[in-house]
Every structure is written in structure tokens, then in C-alpha cells.
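Here are the chains, one letter per residue:
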Amino acid sequence: MHVLMVAAENDALPNAKVGGVADVLRDCPKALAELGLTVDVVIPDYGFTTLERVQLGTLHVPFAGYIYDVQVWQVYVDQQQVRQLVLSHPLFSQHHGAVYCNDDGDRPFATDATKFALFNAAVCEALLQGVITRPDVLHLHDWHSACVAVLLKFDHRFASFSSLRSVFTVHNIALQGIRPFKGDDSSLEAWFPALSYNGEILCDPRYPHCFNPMRSAINLVDKIHLVSPSYAQEVLQASEPHNGFFGGEGLERDLNNAMANNKVVGILNGCEYTEHNAQSTSTLSQLYFEIEQALFVWMAKEVNLQSSYYIAHQRLQQFKQFIEQQVKGPLVTSVGRLTDQKALLLRQPYENQQVLDALCEKLNEQQGRMIILGSGDTALEEVITTAMARNSNLLFLKGYGNSVGELLYELGDLFLMPSSFEPCGISQMLAMRAGQPCLVHQVGGLKDTITHLENGFSFSGDTLQTQSEALVTCFANTLTLRQEQPKQWDVLVSNAKAARFTWSYVAKDYISKLYN
């Protein structure tokens, strides 16, 4: 069986990772190949000229009223059992190698939508011309690849591909890539002026004059894959953000129709496990050294010193003193992008303060510290920076450093992941792999990987208020258990480290539930 995966990210290639989809595109194809499948992965060329590569052909792609020349390359990395393909055009690498461009709020997704529409058109052209071998299964990932399904369905030039089996993985339903049908340079009719399409299938349910790539793929493919069984159920319900519930985000009707036709499948993502994961000789001194180096790098990028970096550096010096004083309090860690998906509950009000303050207060009772690593939403960065200024046991690192992240997984006593929704989640798997129990909100993939008081801790609630209260209570109870019941804590640690969510197991589910 030959599978072609189309995506925006792929961590098998350097600097082509933003979110968890990149981990999936790095690890899953390898697991499928080890089961005997032939797997090709294609993404845009964001600037991979330094890699060993061979040109497979040049495509002449009709797009936006012009003919665009797009080169197809096979690139060579350590993962030789999977064929890695990239498509090159200046539009794909115009942002100095950045995968995504954050457009202004009045034209959301505009730049990226045009970039990925051209990429999708080029993928279809490559299939038509045989530059990319026709697969048995076409596997599309998130809205960035959805126009492939649209073109293969509605462009008569690709009629010979109408029977090609297609799968669409929804990694994050909150991002749908919505653009107008027409009247804008970044719109479906601007990209494909000759396309005769069915607007009822492609339109956004909330904005009928707009094209919704994610909804289009959901309605056009043979199988829709959600990245955990629980998330596959949650997206069938309408979101209620005022109550802290995030479900189908407007696409629940289409997903329910697909579910009725046996098209929706929930399969949890996997994680890589090696012998190195089971042993750690790292120290807090090493962690603090890496943090300081990362802070210096971040500071050097700006002429003016940001308050978040200044406060963090001062706080780091305080944390270093804890080593000298041999303070044994728990270290709570959190690693991830700062978005409301991840941090909505931390900024909720709680007893005349914020939830994050309450957590720091509980932690302080045991001389504990909390380190949060991540960046993202500017408003959330400011919320956590000001919380750091208020709480002497909170260190917020506004950025991402791979070595810092790995050490936080290895050295933390408790990993905090109170996501408001989590399609699958990889951070909790990485923390568990390192033997760090997690405290999570009982949603999506977190619900499917963490069992309360067995391999971690979880909480839930029907409103933002009850979720906030449950989070603080669960956090306090967890710290108490660690302090007062060390034997039970050690069992939890062992169970977390022993949990396995292997890609080889996941790949078998892909074959049986998605590809056949």
C-alpha cells in the first residue's frame, strides 16, 4: 500500500515544526513504513536548500489567473525509509523560513491561505503529471491541505482521481482557514477562477459567503480522523465557550452526518520511546544554566530589555539560591504555546485573584516552584508576566528552547496541563515518558492518556467557574498526596513512566480503520 501525506509541517525536516502535527508527520510515516507501507510526505519548501536534494521535476501550475513554476524535490534526511518531498516556490519561503504568517485580524489567514492554496494546486498537478506517484491513499492534514480535496472533486482536469481513497486528519478544529468565496485576492475564486464548485458543501456554516477549507475536506473525503477517541466525541457537540466547553466549532452538524455514515474515526497519536527516555542524570543546576543561556539569546534579539525577561532573570537568581539552601519543595512545570486553548483556566478569577496566583499560593506552602515555558498570545504573555511579578515562586520563560523543554520534562515533579480542549496532546506523553505525573483537564486526548490517581491527576467541571475551582482543589490535593503519601506517589510516578502510546500500535489502527 502506498500512502501520500500532505501537510504544512514535518519535523523530519529542520525548522518545519510549529505544533504537534509536525511530530505526527515525523513519526507516523516511519511507523507505517516499518509495517511494510510505502509512504511519501510532501510539504512546502520553507527554505531547505542546505539539505541534500534531487529535483524530480518542474510543474506549471495554473493559479490565480497565471502559470506558476513550482519545483518538486526529494530531500534526504536521517529517515531514509520515508520519501520526503518538498515543493519550491518563492511564495512558500517569503517569510524567512517561517511556516505561518500572522495576518491582521481584518483579513485572517489571508497570506497563508493563498500560499497553501498554491501548494495544494501544485500537489494535484504533480499527481496529474506523475511527478509524484499516484498513491493508494491520499492522507491530508488540517485545513492547509484541504484544497487538494476540493480540486480533485471539482476540477474536471483531475477527474481520473475521483476514486482515489482520501483521509483527512483534524489536528485542531479551532483553526479552519476561512476565506471569502470571492471579492478578495485571497479567496477561492481568485485562486481558481475556472472552478465550478458546490458552495453548499464548501461554505462556512456561520458565514455562508465564505469558503471553509476544513469543512470542505470533512465533506469530501472518505474518512475523517480525529486524534483521540474522546476528541472524536467532543467535536460532535456545539461549543459553549462561556461554559468552558470547546467542541465542533461550528462543524458539529457535518461531523454528526459523517459519523452517521461511519466516516469518523478517533485514533490517539503516539509517542517515540527509547532507552534514553528511561534514564535521566540531569540536574537543576544544568536546567538553570540552560535557562540563563536561553534568556540571554532572547534578550539579545531586542534593543530594549523586555520586562518579562528582566523579571525572569531576577527570579532565576532566586531559584539558584534554593539549590544552595537545599530547598526540597516540588517543581511544577508547564511547556506549550500560550493560547486560550492551553491557558484559559489559569487567567480565570478565583477568590479575588487569578487561578494561577492560587496555584502559586498552594505551591508556596510546600516551598515549591513553578516554571512555565512558552510563548504565543501577547495578552496571555502579559497576564503570566504580571503573575510572575506577584509570585516569588513563579518563573515564566517567554519563548521556547528545546534543551530547556527537555530538562523540564525530566526534572519536574508535576506537569501542569489544564487545557480547555486538547485534540490529543503530546506534552503530557513527553512528561509521562520522563516519569513526571501530569495534572490535566479531563478533555480530549488528556482524558484518554491520564487516569486520575493511577498515572496522574485530572479534574473537570461544567462551567468555567467550576473548572477553575476543580483545578485549584485538584492541585492542592495532589501536592498533599505527594507530601503525605510518598509510597502512593512513587507508584503514580512508575505508572506514568510505564505508560506507552507507541506509534507502531497507532499505525496498525491507521491501516485497519482509515486506509482499508
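Rules used throughout
Residues numbered from 1 in each chain as written. Predicted model: local features only at pLDDT ≥ 70, side-chain atom pairs only at ≥ 80, totals over all residues. Heavy atoms only, no water. Helix = DSSP H or I, 4+ residues; strand = E, 2+ residues; numbered from the N terminus. Rg over C-alpha atoms; globule rule 2.2 N^0.38 Å. Buried < 20%, exposed > 50% of the residue type's maximum accessible area, 1.4 Å probe, protein only. Contact = heavy atoms within 4.5 Å. Lys, Arg positive; Asp, Glu negative; His and termini not counted. Charge placed at Lys NZ, Arg CZ, Asp CG, Glu CD. Salt bridge = Lys/Arg side-chain N within 4 Å of Asp/Glu carboxyl O. Right-handed = clockwise from strand over helix to strand, strands pointing away. Pairing = 2+ DSSP bridges. Axes fitted to C-alpha atoms, helices over the stretch in contact; angles between N-to-C directions. Core = buried A, V, L, I, M, F, W, Y, C linked by side-chain atoms within 4.5 Å. Polar contact = N/O pair within 3.5 Å; in protein donor to acceptor, adjacent residues only side chain to side chain. Patch = residues over 30% accessible without salt bridge, like charges linked within 9 Å, V, L, I, M, F, W, Y side chains within 5 Å. Areas by Shrake-Rupley, 256 points an atom, 1.4 Å probe, with all protein chains shown as cover. 1 Å grid on protein atoms, 1.4 Å probe; cavity = no way out; pocket = protein on both sides within 12 Å on 5 of 7 lines; lining within 4 Å. Points joined across faces, edges and corners; volume = space filled by probe spheres on them. Phe/Tyr/Trp six-rings, centres within 6.5 Å; stacked < 30°, edge-to-face > 60°. Lys NZ or Arg CZ within 6 Å of the ring centre and 35° of its normal.

**Overview of the overall build of the chain**
Part 1 of the argument: Counting its secondary structure elements, the chain contains 19 helices and 19 strands.
Part 2 of the argument: Against the compact-globule benchmark of 24 Å for 516 residues, the chain has a radius of gyration of 23 Å, which places it among compact chains.
Part 3 of the argument: Considering only C-alpha atoms, the chain reaches an extent of 70 × 50 × 45 Å along its principal axes.
Part 4 of the argument: Out of the 516 residues in the chain, the part that is buried amounts to 57%.
Part 5 of the argument: Considering only contacts in the chain between residues 6 or more positions apart, those separated by 24 or more positions represent 72%.
Part 6 of the argument: In the chain, the 37 positive side-chain charges and the 54 negative ones have mean positions that sit 3 Å from each other.

**What about the pattern of salt bridges?**
When the charged atoms of two side chains with opposite charge come close together, those side chains can pair.
Part 1 of the argument: Scanning the entire structure with this criterion turns up 19 salt bridges.
Part 2 of the argument: Notably, a salt bridge pairs Asp184 with Arg179, separated by 3.2 Å at the nearest N-O pair.
Part 3 of the argument: Owing to a relative accessible area of 3%, Arg179 belongs among the buried residues under this scheme.
Part 4 of the argument: Where Glu292 meets Lys320, a salt bridge forms, and the shortest distance between an N and an O atom there is 3.0 Å. Of the two residues, Glu292 is situated in helix 9 (residues 284-300) and Lys320 in helix 10 (residues 307-324); the sequence distance between them amounts to 28 residues.

**Here we look at the pairing of strand 2 (residues 38-44)**
Part 1 of the argument: Within strand 2, six of the seven residues are buried, which leaves the element mostly enclosed by the surrounding structure.
Part 2 of the argument: In terms of handedness, the path from strand 1 (residues 2-6) via helix 1 (residues 20-34) over to strand 2 forms a crossover that is right-handed.
Part 3 of the argument: Direction of pairing for strand 2 relative to strand 5 (residues 83-88): parallel, over a ladder of five bridges. Along strand 5, the bridge assignment pairs Val42 with Leu85.

**Some remarks on the sheet that holds strand 6 (residues 137-141)**
Part 1 of the argument: Reading across the sheet, the nine strands line up as 3-4-5-2-1-6-7-10-11 and stay open at both edges, with mixed pairing between neighbours. This sheet does not close on itself; its edge strands, each paired only once, are strand 3 (52-63) and strand 11 (264-266). Geometrically, the sheet is characterised by an average inter-axis angle of 25 degrees between neighbouring strands, direction not taken into account.
Part 2 of the argument: Here strand 10 (residues 223-226) runs beside strand 11; their pairing, made up of three bridges, is parallel. When the sheet's bridge partners are listed, His225 is paired in strand 11 with Val265.

**A look at the nonpolar core**
Part 1 of the argument: Counting residues in each nonpolar core, the largest one holds 180 residues, and the members touching the most others are Tyr510 and Tyr515.
Part 2 of the argument: Looking at this core, the element that brings in the most residues is helix 2 (residues 110-129), giving eleven residues.

**A word on the environment of Ser403**
Part 1 of the argument: With respect to the element layout, Ser403 can be found in helix 14 (residues 402-411).
Part 2 of the argument: Spatially, the C-alpha atom of Ser403 lies 40 Å from that of Glu125, the residues being 278 residues apart in sequence.
Part 3 of the argument: Engagement of the side chain of Ser403 in a polar contact is seen with the side chain of Glu290, the distance being 3.2 Å.

**Structural notes on a negative patch on the surface**
Part 1 of the argument: Together, Glu351, Glu361, Glu365 and Glu469 line one region of the surface with negative charge.
Part 2 of the argument: Of note, Glu469 is situated in helix 17 (residues 464-484).

**Examining empty space enclosed by the protein**
Part 1 of the argument: One pass over the full model with this rule turns up two cavities of 30 Å³ or more.
Part 2 of the argument: Of the voids in this model, the largest cavity is the one considered here, and its volume is about 150 Å³.
Part 3 of the argument: Around the largest cavity sit 17 residues that line it, and Ser334, Val335, Gly336, Lys342 and Leu416 are the ones nearest its centre.
Part 4 of the argument: Looking at the lining of the largest cavity, the elements with two or more residues in it are strand 12 (331-335), helix 11 (340-343), strand 15 (369-373) and strand 17 (414-417).
Part 5 of the argument: Broken down by element, the lining of the largest cavity gets its largest block of residues, three residues, from strand 17.

**A short note on the environment of His225**
Part 1 of the argument: Looking at where His225 falls in the secondary structure, it is placed in strand 10.
Part 2 of the argument: Taking the C-alpha atoms as reference points, His225 and Ala98, 127 residues apart in sequence, are found 27 Å from one another.
Part 3 of the argument: Residues in contact with His225, not counting those within four places in the same chain, are Phe168, Thr169, Val170, Val265, Ile267, Tyr510 and Leu514.
Part 4 of the argument: Within polar-contact distance, the side chain of His225 engages the backbone oxygen of Ile267 at 3.1 Å.

**Description of the packing of aromatic side chains**
Two descriptors summarise a pair of aromatic rings, namely the distance from one centre to the other and the angle between the planes of the rings.
Part 1 of the argument: Across all of its chains, the model carries 18 aromatic pairs by this definition.
Part 2 of the argument: Between the aromatic rings of Phe63 and Phe192, the centroid separation amounts to 5.7 Å while the plane-to-plane angle is 75 degrees, which identifies the pairing as edge-to-face. With Phe63 in strand 3 and Phe192 in the loop between helix 4 (188-191) and helix 5 (199-202), the pair connects residues that are 129 residues apart, well separated along the chain. Note on accessibility: Phe63 and Phe192 belong to one class, buried.
Part 3 of the argument: Ring centres 6.4 Å apart and planes at 75 degrees place the aromatic pair Trp191 and Phe211 in the edge-to-face group. Here Phe211 lies in strand 9 (residues 210-211) and Trp191 lies in helix 4, a separation of 20 residues in the sequence. Here Trp191 and Phe211 have matching classes, each one buried.
Part 4 of the argument: Three or more aromatic residues link up through ring pairs in this structure, and these residues are Phe63, Tyr68, Phe181, Trp191, Phe192, Tyr197 and Phe211.
Part 5 of the argument: Seen from the ring of Trp73, Arg53 lies directly overhead, with NZ or CZ sitting 4.1 Å from the centre.
Part 6 of the argument: The cationic tip of Lys398 hangs over the ring face of Tyr309; the distance from NZ or CZ to the ring centre is 5.4 Å.

**Re the environment of Ser230**
Part 1 of the argument: Relative to the helices and strands, Ser230 is located in helix 7 (residues 229-234).
Part 2 of the argument: Remark: the alpha-carbon pair of Ser230 and Leu268, spanning 38 residues in sequence, is separated by 9.0 Å.
Part 3 of the argument: Discounting residues that sit within four places of it in the chain, Ser230 has contacts with Gly444, Lys447 and Asp448.

**Notes on the side chain of Ser458**
Part 1 of the argument: With respect to the helices and strands, Ser458 occurs in strand 19 (residues 456-459).
Part 2 of the argument: Among the residues examined, Ser458 registers a relative accessible area of 10% and is labelled buried.
Part 3 of the argument: Those residues within four positions of Ser458 in sequence are excluded, and the remaining contacts are Val440, Gln442, His452 and Cys474.

**Some points on the pairing of strand 18 (residues 438-441)**
Put simply, side chains in a regular strand alternate between the two faces of the sheet.
Part 1 of the argument: Residues Cys438 and Val440 line one face of strand 18 and the alternating positions Leu439 and His441 line the opposite face, and both faces are buried.
Part 2 of the argument: Taken together, the three bridges between strand 17 and strand 18 define a ladder with parallel strand orientation. Across the sheet, the residue bridging to Leu416 is Leu439, located in strand 18.
Part 3 of the argument: Note that strand 18 and strand 19 share four bridges and pair parallel.

Everything listed is a geometric property; what it means functionally is a separate question.
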